[in-house]
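This is what each chain is made of:
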Amino acid sequence: MSATLSRNPFTGEEIRQTPLATEAEVEIALNATSTAFQHWRNSEIGERSQLLRAIAGALRDGARPLAEMMADEMGKPITQGLAEVEKSAHLCEWYAANGPAFLAPEPAMVEDNNAWVQYLPLGPVLAVMPWNFPVWQVLRGAVPIILAGNSYLLKPAPNVMGCSLLLAEILRKAGVPEGVFAVVNADNDAVASMIRDRRIAAVTLTGSVRAGAAIAALAGAAIKKSVLELGGADAFIVLADADMDAAVKGAIAGRFMNGGQICIAAKRIIVEAPVYEEFRDKFVAAVKEMTLGDPHDENTYIGPMARYDLRDELDEQVQATIAEGAECLTGGFAMQGEANFYAPTVLSNVRPGMTSFRQELFGPVASLIRAEDADEAIAMANDSDFGLGGSLWSRDREKAAALAARLETGGVFINSPSFSDPRVPIGGVKQSGFGRELSHFGIREFTNVQTVWKA
């Protein structure tokens with residue numbers, strides 16, 4: 001029987017092999033989530049909200065085991081794993097408090113108030129999720145989907161099956177009914193079959209552009225709703241009037257948190273010419289001070305990369321960029337030993353057309369790009385196939401806000417690195433995908449927006 005493998009990227013040791021679901025097991029999962037939906041859709045919104053509060057408590061109770069599993073399976077530093085679980089618990093509480101209002105019927109602007117719009121559950125949602133945030137990434141979609149009255153069938157990344165199964169057990173103990181949240185270890189053929197199955201109402205994916213294109217094609221052929229959050233090559237723009245120390249600190253967090261393995265990480269750092277050298281020198285000095293090590297050590301800031309194949313791919317991209325004329329100021333190599341470390345790297349004098357400018361570099365590598373002025377910085381930022389997030393640094397916040405409206409991205413953060421928060425939507429344009437998660441936009445993505453008009 002075929003199986004997926006998770007391997008500890010710090011020790012190189014095999015953690016677990018998980019058998020791939022057979023056709024019969026996929027059928028059981030589909031039946032379970034479909035049957036659960038028929039009951040869950042008729043539950044009271046108050047009951048669902050209370051369940052989210054229970055999940056928040058269960059997550060906090062299970063925070064240490066979840067964080068340790070993330071450290072083992074994908075190399076996330078333990079402090080960042082604990083923060084991820086707490087953020088997920090807060091998400092549950094926020095939606096428990098605010099979600100019911102987002103789902104309440106709204107009057108339509110017709111005479112005599114005889115029409116309204118209501119948000120009804122859509123059905124079982126298949127979720128194809130990545131490994132870089134195996135708790136937050138799953139729950140930021142699952143929580144609003146379940147609160148809206150849908151059921152959620154998770155197909156996790158193969159290398160974090162332990163995290164996914166542990167999360168499912170925590171949710172079960174919190175009282176989530178069987179089938180409302182379920183996990184299936186499916187291969188690509190089984191995913192395609194599930195998307196085509198009439199019991200699945202919609203699909204959501206966070207992953208690569210290639211995976212997104214495949215999922216979107218399958219969902220489109222089946223005439224089913226899909227939400228895609230794909231790659232990013234986010235720009236981090238530093239204008240000449242920025243607080244330089246704050247910008248450097250923000251760039252370190254924005255680029256190297258989670259080992260740089262974040263879709264909305266600050267991958268292309270575009271700096272206005274008058275302050276380019278100052279920013280470069282301070283940034284490189286800060287990069288050299290970062291602590292690499294055992295992800296279980298609370299003093300570690302950067303753990304090993306999650307997968308060995310992705311480290312090899314990252315190194316190919318770095319070497320290609322250097323061959324194209326960029327200068328490597330620090331790092332630029334895979335570190336020796338069993339641990340899957342890539343040295344924190346800064347590439348300078350990166351220009352449009354180079355590999356690290358055009359492609360997404362998913363790891364601890366920063367690309368520094370010089371812009372003559374703010375207009376060129378905006379043009380460079382928009383010169384990308386991606387449009388997920390971005391960051392813009394300036395003491396003049398009104399000017400920064402005006403520039404933000406010119407950026408072709410789903411989000412812009414002024415004087416802050418990009419991040420996700422339940423109060424605001426996250427999602428992209430261009431090849432970064434479509435649809436939104438979080439806020440009221442996210443909870444309504446997987447609902448039937450139904451008009452009712454009484455004549």
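Everything discussed here concerns the structure shown above.
Residues numbered from 1 in each chain as written. Predicted model: local features only at pLDDT ≥ 70, side-chain atom pairs only at ≥ 80, totals over all residues. Heavy atoms only, no water.

> Sorry, what's going on with the overall build of the chain here?
Looking only at helices and strands, the chain features 15 helices and 20 strands. Taking 23 Å as the expected radius of gyration for a compact globule of 455 residues, we find that the chain reaches 22 Å, a close match to that expectation. Viewed in the frame of its principal axes, the chain has a C-alpha envelope of about 65 × 60 × 40 Å. For the chain, the residues scored as buried account for 56% of the 455 residues in total. Looking at the chain as shown, the accessible area adds up to about 18400 Å², and 51% of this sits on carbon and sulfur atoms. Side chains of the chain give 40 positive and 56 negative charges; the mean places of these two sets differ by 4 Å. (Helix = DSSP H or I, 4+ residues; strand = E, 2+ residues; numbered from the N terminus. Rg over C-alpha atoms; globule rule 2.2 N^0.38 Å. Buried < 20%, exposed > 50% of the residue type's maximum accessible area, 1.4 Å probe, protein only. Areas by Shrake-Rupley, 256 points an atom, 1.4 Å probe, with all protein chains shown as cover. Lys, Arg positive; Asp, Glu negative; His and termini not counted. Charge placed at Lys NZ, Arg CZ, Asp CG, Glu CD.)

> Just to check I follow, could you spell out the nonpolar core for this structure?
One recurring pattern in soluble globular proteins is that nonpolar side chains are buried together. Membership of the largest hydrophobic core comes to 91 residues, with the highest contact counts inside it found for L59, Y95, Y152, F181 and I237. Of all the elements, helix α4 (residues 78–103) adds the most residues to this core, at nine residues. Setting aside residues no more than four positions away along its own chain, L59 makes contact with L66, V85, S88, A89, C92, L139, L167 and I170. If you look at the next biggest cluster of nonpolar residues, it comprises 24 residues, including A251, F256, Y276 and W393. (Core = buried A, V, L, I, M, F, W, Y, C linked by side-chain atoms within 4.5 Å. Contact = heavy atoms within 4.5 Å.)

> Can you help me understand the packing of aromatic side chains in this one?
Under the defined criterion, the tally for this structure stands at nine aromatic pairs. Plain terms: the ring middles of F10 and F341 are 6.1 Å apart, the flat faces sit at 85° to each other, and that makes the pair edge-to-face. Placement of the pair is F10 in the loop between β1 (3–7) and β2 (14–19) and F341 in the loop between β12 (327–330) and β13 (345–348), with a sequence separation of 331 residues. On the accessibility criterion, F10 (26% relative accessible area) is partly exposed. When the ring of F413 is compared with that of F419, the centres are 4.8 Å apart and the planes differ by 50°; the resulting orientation is tilted. (Phe/Tyr/Trp six-rings, centres within 6.5 Å; stacked < 30°, edge-to-face > 60°.)

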